[in-house]
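# Summary of structural features
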Amino acid sequence: MKKYILGLLIVTMLYACTKTNSQMIIQSPDGKIEVKLDLKNNQLPKYAVTYKGDTVIKPSSMGFEFLNQPEMSGFRVVDTRMKSVNKKWTMPWGEQKEVVNHYQEMLVSLQEIKKPKHSMNIRFRVFDEGIGFRYEFPEQPGRDSLEISAENTEFCLTGDHRVWWIPGDWDIYEHLYNETLFSEIDALQFAQHESLAQTYIPYNAVNTPVTMRTTSGLHLSFHEAALTNYPGMTLRVDTENLTMRSELVGSERTEYKAKVSLPFETPWRTIQIAPDATDLIASKMILNLNEPNKLGDVSYVKPMKYAGIWWEMHLDKSTWDLASGRHGATTENAKRYIDFAAENNLGGILVEGWNTGWEKWIGVDNREGIFDFVTPYPDYDINEVVRYAKSKGVEIIMHHETSAAVTTYEQQLDTAYRFMESLGLHAVKTGYVGTIIPKGEYHHGQYMVQHYRKVLETAAHHKVAVNAHEPIKATGIRRTYPNAISREGLRGQEFNAWSSDGGNPPSHLPTVAFTRMLAGPIDFTPGAFNIKLDPYKPDNQVSTTLAQQLALYVVIYSPVQMACDLPEHYKGRPAFQFIRDVGVDWQQTEVLNGEVGEYVTIARKEKETGNWFLGSITDEHAREFALPLNFLDKDVTYEATLYKDAPDAHWDDNPESINIETHTLQATDTLNVQLAPGGGLAVSFMKK
Ligand code: NOJ
Ligand code: CA
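To start, this report covers the structure provided alongside it. (Residues numbered from 1 in each chain as written. Chains lettered and ligands numbered in written order. Predicted model: local features only at pLDDT ≥ 70, side-chain atom pairs only at ≥ 80, totals over all residues. Heavy atoms only, no water.)

## So, the site of ligand 1
Keep this limit in mind: One heavy atom within 4 Å of a molecule or strand is enough for the residue carrying it to be called near that molecule or strand. Think of a polar contact as two N or O atoms within 3.5 Å of one another; within protein, one of them needs to be a possible hydrogen donor and the other a possible acceptor, and neighboring residues in sequence only count if both atoms come from side chains. Only the protein chains shown count as cover for residues, and all accessible areas are computed by the Shrake-Rupley method using a 1.4 Å probe. For this classification, the nonpolar set comprises Ala, Val, Leu, Ile, Met, Phe, Trp, Tyr, Cys and Pro, the charged set comprises Asp, Glu, Lys and Arg, and every other residue, Gly included, is treated as polar.
Looking at ligand 1, there are 14 residues lining it, with His-314, Glu-352, Glu-401, Lys-429 and His-469 nearest. Here Glu-401 contributes a side-chain N or O atom positioned 2.6 Å from an oxygen atom of ligand 1. With the chains in place, 96% of the 300 Å² that ligand 1 exposes on its own is no longer accessible. Its residues placed into classes, the shell around ligand 1 shows five nonpolar, three polar and six charged.

## Focus on the sheet that holds strand E22 (residues 304–309)
Paired through their backbone hydrogen bonds, the strands of a sheet run either parallel or antiparallel. In plain terms, the rule: The pairing criterion for strands is at least two bridges between them, as found by DSSP. Secondary structure elements follow DSSP: runs of H or I no shorter than four residues count as helices, runs of E no shorter than two count as strands, and numbering proceeds from the N terminus. Between N-to-C directions, angles span 0 to 180 degrees; the directions come from axes that are lines fitted to C-alpha atoms, helices contributing only their stretch in contact. Whether two residues are in contact is decided by their heavy atoms: any pair within 4.5 Å suffices.
Strand order in the open sheet made by the seven strands is E27-E26-E25-E24-E23-E22-E28, with parallel pairing throughout. Strands at the two margins of the open sheet, each flanked by one partner only, are strand E27 (484–487) and strand E28 (560–562). The mean angle between the axes of side-by-side strands here comes to 30°, regardless of whether they run parallel or antiparallel. Judged from the three bridges that link them, E22 and E28 form a sheet pairing that is parallel. Residue pairing in the sheet places Met-304 in a bridge with Val-560 of E28. Along the sheet, helix H5 (residues 331–343) contacts E22, strand E23 (348–351) and strand E24 (395–401); its crossing angle with E22, the most-contacted strand, is approximately 155°. In the packing of helix H7 (residues 406–423) onto the sheet, contacts are made with E24 and strand E25 (427–431), and the angle to E24 comes to roughly 170°.

## As for the coordination of the calcium ion (ligand 2)
We count it as follows: Donors, by definition, are the N, O and S atoms found within 2.8 Å of a metal, the threshold being 3.2 Å for Na, K and Ca, and water is not counted, so a site can look incomplete. Irregular is the default label, applied whenever a site is not tetrahedral (four donors, all angles between 85 and 135 degrees) and neither square planar nor octahedral (four or six donors, opposite donors over 155 degrees apart, all other angles between 65 and 115). Residue burial is assigned from relative accessible area. The probe radius is 1.4 Å, only protein chains are included, and a residue is buried under 20% of its type maximum, exposed over 50%, and partly exposed in between.
For the calcium ion (ligand 2), the full set of protein donor atoms is Glu-174 (OE), Glu-470 (OE), Glu-488 (OE), Glu-488 (OE) and Glu-494 (OE), at a range of 2.3 to 2.7 Å. Each of the six donor atoms around the calcium ion (ligand 2) contributes to a set of angles spanning 51 to 153°, which defines the coordination as irregular. Each donor residue of the calcium ion (ligand 2) belongs to the same chain, and together they define the spacing E-x295-E-x17-E-x5-E. Within this pair, whereas Glu-470 is found in the loop between strand E26 (465–468) and E27, its partner Glu-488 is found in the loop between E27 and helix H9 (494–498), the two being separated by 18 residues in sequence. Owing to a relative accessible area of 7%, Glu-470 belongs among the buried residues under this scheme. Relative accessible area serves as the criterion here: at 1%, Glu-488 is assigned to the buried category.

## Brief notes about the pattern of salt bridges
Spelled out, the test is: Definition used for salt bridges: Asp or Glu carboxyl oxygen within 4 Å of a side-chain nitrogen of Lys or Arg.
Tallied over the entire structure, the rule returns 38 salt bridges. For Arg-213, the salt bridge is made with Glu-595, and the minimal N-O distance between the two is 3.7 Å. Placement of the pair is Arg-213 in strand E15 (residues 210–213) and Glu-595 in strand E29 (residues 586–595), with a sequence separation of 382 residues. We note a salt bridge from Arg-573 to Glu-656, for which the minimum N-O separation is 3.2 Å. Placement of the pair is Arg-573 in the loop between helix H12 (567–570) and helix H13 (576–581) and Glu-656 in the loop between strand E33 (638–645) and strand E34 (658–665), with a sequence separation of 83 residues.

## Remarks on the packing of aromatic side chains
Here is the rule we go by: Geometry of aromatic contacts follows a simple scheme: Phe, Tyr and Trp rings, the Trp one being its six-membered ring, pair when their centres are within 6.5 Å, and the pair is stacked under 30 degrees between planes, edge-to-face over 60, tilted otherwise. Comment: the charge-over-ring label is applied if NZ (Lys) or CZ (Arg) is within 6 Å of the ring centre and within 35 degrees of the ring normal.
A complete count under the given rule lists 41 aromatic pairs for this structure. Taken together, a centroid distance of 4.9 Å and an interplanar angle of 55° make the contact between Trp-358 and Trp-361 tilted. Residue classification places Trp-358 among the buried residues on the basis of a relative accessible area of 3%. Taking relative accessible area as the criterion, Trp-361 reaches 14% and is therefore assigned buried. Feature note: the residues Tyr-47, Phe-64, Phe-66, Phe-124, Phe-133, Tyr-135, Phe-137, Phe-155 and Phe-222 constitute an aromatic cluster, connected by ring pairs. Positioned over the ring face of Tyr-388 is Lys-335, at 5.0 Å from the centre of the ring. Its end group placed over the ring of Trp-89, Arg-479 keeps NZ or CZ at 4.0 Å from the ring centre.

## Observations concerning the nonpolar core
The tendency in soluble globular proteins is for nonpolar side chains to be buried as a group. Applicable threshold: Only buried Ala, Val, Leu, Ile, Met, Phe, Trp, Tyr and Cys residues count toward a nonpolar core, and they belong to the same one when joined by side-chain atoms within 4.5 Å.
Counting residues in hydrophobic clusters, the biggest one holds 181 residues, and the most contacted among them are Tyr-47, Phe-124, Phe-137, Phe-222 and Tyr-417. Setting aside its immediate chain neighbours within four residues, Tyr-417 contacts His-400, Tyr-409, Val-428, Thr-430, Val-455, Thr-458, Ala-459, His-462 and Val-464. In terms of nonpolar packing, the next biggest core, distinct from the first, is built from 21 residues, Trp-612, Leu-632, Ala-667 and Leu-671 among them.

## Some thoughts on the pairing of E24
The cut-off we apply is this: We call a crossover right-handed when, viewed with both strands directed away from the observer, the connection leading from the first strand over the helix to the second proceeds clockwise.
A large share of E24 lies buried, amounting to six of its seven residues. Sheet analysis places E23 next to E24, joined by three bridges and oriented parallel. Looking at E24, one finds that Ile-349 is bridged to Ile-396. Each parallel crossover has a hand, and for E23 linked through helix H6 (residues 382–391) to E24 it is right-handed. Across four bridges, E24 lies against E25 in parallel orientation. Bridge pairing in E25 links His-400 to Thr-430.

## Quick word on the packing of H7 against helix H8 (residues 446–461)
Note the cut-off: Each angle is binned into one of four classes, with values under 35 degrees roughly parallel, values over 145 roughly antiparallel, values of 65 to 115 roughly perpendicular, and all other values oblique.
Remark: H7 packs on H8, axes separated minimally by 10 Å, with the N-to-C direction vectors making an angle of 10°. In terms of their interaxial angle, H7 and H8 are classed as roughly parallel. Between H7 and H8, the residues in contact are Val-406, Tyr-409, Glu-410, Leu-413, Asp-414 and Tyr-417 and Tyr-447, Met-448, His-451, Lys-454, Val-455, Thr-458 and Ala-459, respectively. Tallied by class, residues from the contact of H7 with H8 come to eight nonpolar, two polar and three charged.

## Digging into the side chain of Lys-537
Selection rule: Charged residues are defined here as Lys and Arg on the positive side and Asp and Glu on the negative side; His and the ends of the chain fall outside this count.
With respect to the helices, strands and loops of the structure, Lys-537 is situated in the loop between helix H10 (508–512) and helix H11 (546–555). Among buried charged residues, Lys-537 stands out as having no salt bridge; its nearest opposite-charge side chain is Asp-316, 5.8 Å away.

## Details of the sheet that holds strand E3 (residues 46–51)
Ordered by their spatial adjacency, eight strands build an open sheet running E1-E2-E3-E4-E11-E18-E17-E14, and the pairing between neighbours is antiparallel. Looking at the sheet topology across the chains shown, the edges are occupied by strand E1 (23–27) and strand E14 (205–206). Pairing geometry for strand E11 (residues 154–157) and strand E18 (residues 243–248), over three bridges, is antiparallel. Within E18, the residue paired with Glu-154 across the bridge is Arg-245.

## Quick look at H5
Given 3.6 residues to a turn, an α-helix orients residues that are three or four positions apart in the same direction. Applied cut-off: The span you would expect from a helix comes to 1.5 Å times its residue count less one.
For H5, which comprises 13 residues, the first-to-last C-alpha distance of 18 Å matches the rise-based estimate of 18 Å (1.5 Å per residue) to within 8%. Residues of H5 that are buried include every one of Thr-331, Asn-333, Ala-334, Tyr-337, Ile-338, Phe-340 and Ala-341, and no others. Phi for Asn-345, located one or two positions after H5, is positive at around 60°.

## Brief notes about the environment of Pro-292
Tracing the chain through its elements places Pro-292 in the loop between helix H3 (285–288) and E22. Dropping the residues within four chain positions of it, Pro-292 is found in contact with Arg-479 and Thr-480.

Below is the structure:
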């Protein structure tokens, strides 16, 4: 009997202990967001999230599938550690100078109950603006590496939310955003796209950041932070059960999706939670979840505006290749652009098509060895161009179109970057058009994540900043590698020049601001002044007003901003003054209003001068609102130049109709803003 009672006591104690440990809770610093981790009946862990007491994410399971390992099974909690962090750090360049990193952390150490009792930890960080969590596999006996065939992180939604999404393409993010209910997501309809040199959409999945609005008006955006040595994550959608599950990008060359050595940490899975859409843009959570700068002094990274031998190829005025007889990248043309940049406060020029190989760069299966990155075409005297640019104080931005021949590029990396160093060049635009070589790899798989990182590291070694096109998604790595200056990773301006589907509609950028832009800087290449693209592309056009093209310099953040149009299209155009004046590196950013896919207004204060710049853009609907200028510095008087849609402006009927007005304004004033359909407003507030 005694024995029996003792036995019961031990069981009760154990139970009590399991019970207290089985529900672990952590809240955001302001107490509004709460995350609960639950371990029930030896199952895999489940997490759930509430905002102000209302469920945002229903209990959602977490786990993995491995090759050559026993199936992941129930865990017990070994240890739980809580931590509060509230620190400030300074961005070398960015949307703002100082960033506050304020969160509560819960690290839960788990061990499988069944032998061989493998360990896995889950680390949660809860901010006032959302949550991040990641899995950590510590060093452990009998396990030094893992072949991960699936990550099964679920996100169980509470309703049929309105969603702004692009398909979960393993190869490219250059899709238009769709706005549908969650239950209506159908990514597979985009499996073929004639304007894309590569695309692969194997499942009904979306790419991240994916943004949603609940019926009660709460905004959610799902993404990832610190994507390192792991595949990019798409989110497979279950339209019936209103659930998403991580679907890692794979490879045709391996059965696993990721192979990692222990200890290993996955990227952070992130959920931004915001009552107002504007708070999504203001959040620095993704950056905060990344490690601090590990490059040290990055003074070679120069925020700048730039022009380039680029749009003329997309308009087919000239070509990348020499054989056409209309080669764009000639010494003479480069000098013309250098003069243009020097005269107009643009810091650099990009020259595409400068190196041999462009005769056969696209549509060819074997693209290996086509490009090297040191051999100019005979009509491009690179030494002379660099000398001339330096004499005018203009930087030459190098161009490496790899044509996705990654093996070739990796073999040439050192030579290519040493060549740049010998010329004194500190910025490169890279490109990865086409299917990846080695065959069977995708742009967003682990192999390519490693490649893009290798490029950043090599570039940093040679003091070069990288602006990647056809990149891996931005996940805040720019905090750790501040030479990751910008990237494409969306349908850029170029689609307006040649895509056969009508280009980017007016709702594109008001959607991008609340989706793709949450990930990081965008090389969108704004500044089209010849909106209808006449006479080059009579069947294509830009679908915004001229005033919106100006507003984009403020709205769509990048420390490198192109003035994309041809120098002759800026000549004699008073609106070009805004591009001359606008800043690229900011002390402070204020997101003043906006709704996903409809409109957005952002003001930014230039770090160097203290001048403010404002941009406001709208979709195809005209808008009118009063805008208090209380973001401006108190007691300062500004000479404000307003670049506004004229009353008859319209993105399609009359896109270039613009009025420019100058007023003396202060923080106590209010602007009456009127945006035309597809229109915008740009304002420079120069201190008097
Ligand atoms: C695609 C890039 O996005 C574009 O900017 C570039 O001009 C072409 N590739 C050629 O490299
Ligand atoms: Ca592209």
